Amino acid sequence: MLFQMTAKQIQQFPPMASQIQLNNLIQTHRDTLQCAKMLQRALSLALMIQLTFCSAVWCLMVFYILLMGFTLKILNVLLLLLLLTYETYSYCQFGTKLTTKANQVLDALEQLSLYDQTVLIQKQILFIIQRSQKPIVLTAGKLFPVNIAQFSEIVKKSYSFYLVLKDVF
């Protein structure tokens, strides 16, 4: 991923670096953030639909299995339920990984020895650090983060809705 490449470039940033080397680093960092922004824009609506309907489908499928009983016909529904769960979990795993890799860039910047650099380069690196402190989080519809913690919350809420349905019917 680009975040790993950027972190590696920061870790290899030489003491007493030239302005050209810093400009290359700044451009790489800018490109990486731009790529993350485009990814967010491309996936936001799709993730919102996926996570919203996933919760409803889980709840209804489990309710259907409860009503129909465990027969051979239910195996198709169980397979569909497992595939849907795996797909949603994969998106959430990707969101967690994206955030972790973005944090590696900040860690690499914080380990950079600024005192070996000129004052002008130190100031520019501080701006990069300041921008890197804003977390990169994949969101669903710009409403909630897509990560493993959110996945577990969705599973809990789906089970709660299932219990309500079970009590009502």
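Just so you know, the residues in each chain are numbered from 1, in the order the chain's sequence is written. Residue-level local features of this predicted model are given only where pLDDT is at least 70; pairs of side-chain atoms are given and counted only at 80 or more, and the full residue set underlies all totals for whole chains, interfaces and linings. Only hydrogens and water are set aside; all other atoms, that is, all heavy atoms of the structure, feed into the side-chain values.

Under the DSSP-based scheme used, a helix requires at least four consecutive residues in state H or I and a strand at least two consecutive residues in state E, with every element numbered from the N terminus. Each helix and strand in the chain was counted, giving five helices and two strands. N-terminal to C-terminal, the α/β element order of the chain is α-α-α-α-β-β-α. Expressed as lengths along the three principal axes of its C-alpha atoms, the size of the chain is roughly 70 × 25 × 25 Å. Across the 169 residues of the chain, 34% fall into the buried class. Sequence-distant contacts in the chain: of pairs separated by 6 or more residues, those separated by 24 or more amount to 76%. Looking at charge distribution, the chain has the averaged site of its 14 positive side-chain charges lying 6 Å from that of its 7 negative ones. Burial classes follow relative accessibility: with a 1.4 Å probe on protein chains only, a residue under 20% of its type's maximum area counts as buried, one over 50% as exposed, and anything between as partly exposed. Whether two residues are in contact is decided by their heavy atoms: any pair within 4.5 Å suffices. Two residue types count as positive, namely Lys and Arg, and two as negative, namely Asp and Glu; His and chain ends fall outside the count. Each charge is placed at NZ for Lys, CZ for Arg, CG for Asp and CD for Glu.

In this fold, F169 is placed in the segment after helix 5 (148–168). Separated by 102 residues in sequence, F169 and L67 place their C-alpha atoms 9.5 Å apart.

Here, the term disulfide refers to a pair of cysteine sulfur atoms separated by no more than 2.5 Å. One pass over the full model with this rule turns up zero disulfides. Cysteine C35 is unpaired, with the sulfur of C92 as its nearest cysteine sulfur at 20 Å.

What follows is about the nonpolar core. For this analysis, a nonpolar core means a set of buried residues of the types Ala, Val, Leu, Ile, Met, Phe, Trp, Tyr and Cys, connected via side-chain atoms within 4.5 Å. Ranked by internal contacts, the top residues of the largest apolar core, which has 38 residues, are F3, L22 and I125. Of all elements in the fold, only helix 1 (2–11), helix 2 (19–68), helix 3 (74–111), helix 4 (119–132) and helix 5 reach the threshold of two or more residues within this core. Not counting the four nearest positions on each side in its chain, L22 is found in contact with F13, I121, Q124, I125 and I128.

What follows covers the pattern of salt bridges. A pair can form between side chains of opposite charge whenever their charged atoms are brought close. Any Lys or Arg side-chain nitrogen located within 4 Å of an Asp or Glu carboxyl oxygen qualifies as a salt bridge. A complete count under the given rule lists two salt bridges for this structure. Notably, a salt bridge pairs K156 with E153, separated by 3.8 Å at the nearest N-O pair. Taken together, the positions of K156 and E153, both in helix 5 and three residues apart, correspond to about one turn of that helix. Look at E153 and you get partly exposed, because its relative accessible area is 33%. Across the pair K157 and E153 runs a salt bridge whose closest N-O atoms are separated by 3.9 Å. Within this pair, K157 and its partner E153 are both found in helix 5, separated by four residues, close to a single helical turn. One continuous salt-bridge network, built from bridges that share partners, spans E153, K156 and K157.

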